[in-house]
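Single-letter residue listing:
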Amino acid sequence: MNPQETRAAISLALVYVLRMLGLFMVIPVLAIAAVEYPDYSPLLVGLAIGGYGLTQAILQIPMGVLSDKWGRKPVIYMGLCFFAIGSVIAANADSMIMLTVGRILQGAGAIAGAVMALAADVTRESERAKVMAIIGVSIGLSFYVALLTGPIIAGLYGIQGIFWITAVLTVFCLPLVKFGVPTPKQNSPSGDALPQLSQLKNLAKDPSLWRLNISVLTVHLLITCFFVQVPVLLTQVNLSLDEHWKIYTPILFVSVLILVVLMKVCKHLQTSTSFIISLTFMATGFGLLLLPELNWLIILLAGTLFFAGFNYMEAHMPVMVSSIAPAGKKGSAMGIYASFQFFGAFLGGLISGILNGWLGPKLALVACLLFIVIAMVIVWGLQKTTKVKRVTLSIENTGILLQISNQKKLECDLQKIEGVQEVLVDVEKSAVYLKVDSTGFDIEKAKSLIS
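This structure is a prediction, so every number in the text was calculated from the model and none was measured.

Quick notes on the rules
- Residues numbered from 1 in each chain as written.
- Predicted model: local features only at pLDDT ≥ 70, side-chain atom pairs only at ≥ 80, totals over all residues.
- Heavy atoms only, no water.
- Helix = DSSP H or I, 4+ residues; strand = E, 2+ residues; numbered from the N terminus.
- Rg over C-alpha atoms; globule rule 2.2 N^0.38 Å.
- Buried < 20%, exposed > 50% of the residue type's maximum accessible area, 1.4 Å probe, protein only.
- Contact = heavy atoms within 4.5 Å.
- Expected span 1.5 Å × (residues − 1).
- Patch = residues over 30% accessible without salt bridge, like charges linked within 9 Å, V, L, I, M, F, W, Y side chains within 5 Å.
- Areas by Shrake-Rupley, 256 points an atom, 1.4 Å probe, with all protein chains shown as cover.
- Salt bridge = Lys/Arg side-chain N within 4 Å of Asp/Glu carboxyl O.
- Axes fitted to C-alpha atoms, helices over the stretch in contact; angles between N-to-C directions.
- Parallel < 35°, antiparallel > 145°, perpendicular 65-115°, else oblique.
- Left-handed = near helix turned anticlockwise from the far one by under 90°.
- Nonpolar A, V, L, I, M, F, W, Y, C, P; charged D, E, K, R; others polar.
- Disulfide = S-S within 2.5 Å.
- Core = buried A, V, L, I, M, F, W, Y, C linked by side-chain atoms within 4.5 Å.
- Phe/Tyr/Trp six-rings, centres within 6.5 Å; stacked < 30°, edge-to-face > 60°.
- Pairing = 2+ DSSP bridges.

Asker: I tried to follow the overall build of the protein chain on my own but got confused; where do I start?
Answerer: Summing up its helical and strand segments, the protein chain has 16 helices and 3 strands in all. Computed over the C-alpha atoms, the radius of gyration of the protein chain is 23 Å, within 12% of the 22 Å expected from 2.2 N^0.38 for a compact globule of 451 residues. Per-residue burial for the protein chain yields a buried fraction of 54% across its 451 residues. Across the protein chain, contacts joining residues at least 24 apart in sequence account for 82% of those joining residues at least 6 apart.

Asker: Can you help me understand helix α9 (residues 207–236) in this one?
Answerer: Given 3.6 residues per helical turn, the α-helix brings residues three or four places apart onto the same face. With 30 residues, α9 ought to run about 44 Å at 1.5 Å a step, and its terminal C-alpha atoms sit 44 Å apart, in line with that. The buried fraction of α9 is high, at 22 of 30 residues. Positioned one or two residues after α9, Asn 238 has a phi angle of 70 degrees, which is positive.

Asker: Would you take a moment to explain a nonpolar patch on the surface for this structure?
Answerer: A cluster of nonpolar side chains, namely Ile 152, Leu 156, Tyr 157, Ile 165 and Trp 245, defines an oily patch on the protein surface of about 490 Å² accessible area. Here the element with the most residues in the nonpolar patch is helix α7 (residues 128–180); it accounts for 4 residues. Along the chain, Trp 245 turns up in helix α10 (residues 245–266). With a relative accessible area of 32%, Trp 245 lands in the partly exposed category.

Asker: How should I be thinking about the packing of helix α3 (residues 42–70) against helix α5 (residues 96–107) in this particular structure?
Answerer: Packed helices, taken two at a time, are described by the angle their axes make and the gap between the axes. Relative to each other, α3 and α5 sit at 25 degrees, their axes nearing to 6 Å. Considered as vectors, α3 and α5 are oriented roughly parallel to each other. Both α3 and α5 take part in a crossing whose hand is right-handed. Between α3, through Leu 44, Val 45, Leu 47, Ala 48, Ile 49, Gly 51, Tyr 52, Thr 55 and Gln 56, and α5, the contact on the second element is made entirely by Met 96, Ile 97, Leu 99, Thr 100, Arg 103, Ile 104, Gln 106 and Gly 107. Of the residues that constitute the contact of α3 with α5, the class distribution is 10 nonpolar, 6 polar and 1 charged.

Asker: I would appreciate a short explanation of the state of the cysteines in the present structure.
Answerer: Between two cysteines, a covalent bond joining their sulfur atoms is known as a disulfide. With the rule as written, the count across this model stands at 0 disulfides. Between Cys 81, a cysteine without a disulfide, and Cys 173, which holds the nearest cysteine sulfur, the sulfur-to-sulfur distance is 11 Å. Owing to a relative accessible area of 38%, Cys 81 belongs among the partly exposed residues under this scheme. Of all cysteine sulfurs in the structure, the one in Cys 368 sits closest to Cys 225, which takes part in no disulfide; the separation is 3.8 Å.

Asker: Just to check I follow, could you spell out the nonpolar core for this structure?
Answerer: Within soluble globular proteins, side chains that are nonpolar generally end up buried alongside one another. Counting 125 residues, the largest nonpolar core has Leu 99, Phe 227, Phe 275, Phe 286, Phe 306 and Phe 307 as the members making the most contacts within it. The leading source of residues in this core is α9, at 15 residues. The contacts of Phe 227, once residues within four sequence positions are left out, are Ile 27, Pro 28, Ala 31, Ile 49, Phe 143, Leu 147, Tyr 248 and Phe 307. Membership of the second largest hydrophobic core comes to 16 residues, among which are Val 391, Val 423, Val 432 and Leu 434.

Asker: Looking at this model, I keep getting lost on unusual backbone geometry. Mind explaining?
Answerer: One can expect most non-glycine residues to show negative phi and most peptide bonds to be in trans. In the Ramachandran plot, Asn 238 falls in the positive-phi region, its phi being about 70 degrees despite a non-glycine side chain. For Asn 238, the position within the fold is in the loop between α9 and α10.

Asker: How do you make sense of the pattern of salt bridges when you look at a structure like this?
Answerer: Pairing between side chains of opposite charge can happen when the charged atoms of each approach one another. Enumeration according to the criterion identifies 7 salt bridges in this entry. Ionic pairing is found between Asp 68 and Arg 72, a salt bridge with its closest N-O pair at 2.9 Å. Asp 68 sits in the partly exposed class, given a relative accessible area of 29%. A salt bridge links Lys 409 to Asp 413; the shortest N-O distance between them is 3.0 Å.

Asker: Could you clarify how one ought to interpret the packing of helix α11 (residues 271–288) against helix α14 (residues 361–379) in this entry?
Answerer: Where α11 meets α14, the axes come as close as 10 Å, and the angle between the chain directions of the two elements is 175 degrees. Between α11 and α14, the crossing angle belongs to the class labelled roughly antiparallel. Here Ser 272, Phe 275, Ile 276, Leu 279, Thr 280, Met 282, Ala 283, Phe 286 and Gly 287 of α11 lie close against α14, whose contacting residues are Leu 365, Cys 368, Leu 369, Ile 372, Ala 375, Met 376 and Val 379. Of the residues in the contact of α11 with α14, the class split is 13 nonpolar, 3 polar and no charged.

Asker: Help me understand the packing of aromatic side chains, please; the structure alone is not making it clear to me.
Answerer: Aromatic ring pairs: the centre-centre distance and the angle between the two ring planes describe each pair. Taken as a whole and assessed by the stated rule, the structure comprises 17 aromatic pairs. Taking the centre distance of 6.2 Å and the plane angle of 35 degrees together, the rings of Phe 143 and Phe 307 count as tilted. Pair noted here: Phe 143 is in helix α7 and Phe 307 is in helix α12 (residues 296–324), with a separation of 164 residues, a long-range link. We classify Phe 143 as buried; its relative accessible area is 13%. Its relative accessible area of 1% is what places Phe 307 among the buried residues. The interplanar angle of 65 degrees and the centroid separation of 6.1 Å between the aromatic rings of Phe 227 and Phe 307 together place this pair among those described as edge-to-face.

Asker: Please explain the sheet that holds strand β2 (residues 420–426) as it appears in this structure.
Answerer: Hydrogen bonding along the main chain pairs the strands of a sheet, whether they run parallel or antiparallel. Spatially, 3 strands are ordered β1-β3-β2 in an open sheet, and the strand pairing comes out antiparallel. Each edge of the open sheet carries a strand with a single partner, namely β1 (388–394) and β2. With direction set aside, neighbouring strand axes in the sheet form an average angle of 15 degrees. The pairing of β2 with strand β3 (residues 431–437) spans 6 bridges and is antiparallel. What sits directly across from Leu 424, in β3, is Tyr 433. Set on the sheet, α12 makes contact with β1 and β3; between it and β1 the angle comes to about 50 degrees. Each of β1 and β3 touches helix α16 (residues 443–450); the most contacted strand, β1, lies at about 30 degrees to it.

Shown next, in the form of structure tokens:
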């Protein structure tokens, strides 16, 4: 990568890390800290934990589309401001209702699509995968850091301290975007990084993508339920909130080691089989939490097994979506996937709150086991995907392609190049989107045909 691409990758990764820290640091502590509010209830706890997912799910695709019209940076600035305002409201909340309002407003800063599109805009095709990988790693890292630091900060400064720190970190993101990332040229083809409204209906019907969307909804529903239950269980075995990191640290470390083993074992298995193995790990974790007598060691084992399965699903589902999505439609497929992901977090908070209040925590855990069984049925039949590469090439003279027959001829000629799986010619965006085999594709031939 050149210096500009390196600077942009680091800046956007930091924006992701600081923003996601703010979303996630509160998750492992809210169920405990919420009892201090006068209007405390299990339902409001669930909504406060998962409420950000509702606005994220609703606004994820519209914010991406807006960034195509208004520009990436203005939409990112707007999203960061929503996030900062929501953090300040939550920090000053004197009731669970106001805290929940703050969390929902945090979720209105749905800038993931715009950030990814900006990253694509300012990088060359040859280096784009590296930039996306750096941002992707930062997302996972921020989640783990948040789980470890959230309880410590809450122990020192209370839950209000987490939200104030979040607001400050969000403000720091603004100059990172302004000065760390160059402003892209208008209408430069950046690949299929953003969702297109015209593509959503057909993609929603794709059977494989549909299975993955429901699966990610279920997985994020389960992890939200996990963090509604486990912090309370840890306090019941005499671990104070500022000591919870002592349990989460080995859980995260050991679960990553198990993930490495799972990846090796499942490499030669059908995708559906590997997903069912992962869901079995998650189910075993919830099952252990149903034991009549719990101690910190059982909770540690349960969390390790749960996260081992969760990590495998979380790592592989987006890769499958990216692989399955048709040429030129990856952004739309990923937009739908992200919306289901965040809606799952909201549903997890809502359902666990209702079940905890009406039926008690044990039956809420039983309901989680039922959700896992449903997910196992849904993933059955998913096929193993092959590695693909996505290439975006500019069309310098689109005049000749205004006739549909010429578009079809170019698509047909490109399809004949070795390694090309799918072609989409988009005259409006002056771009050709290719889905190709990761080996054996000659990009110079494709460029020659287009020119």
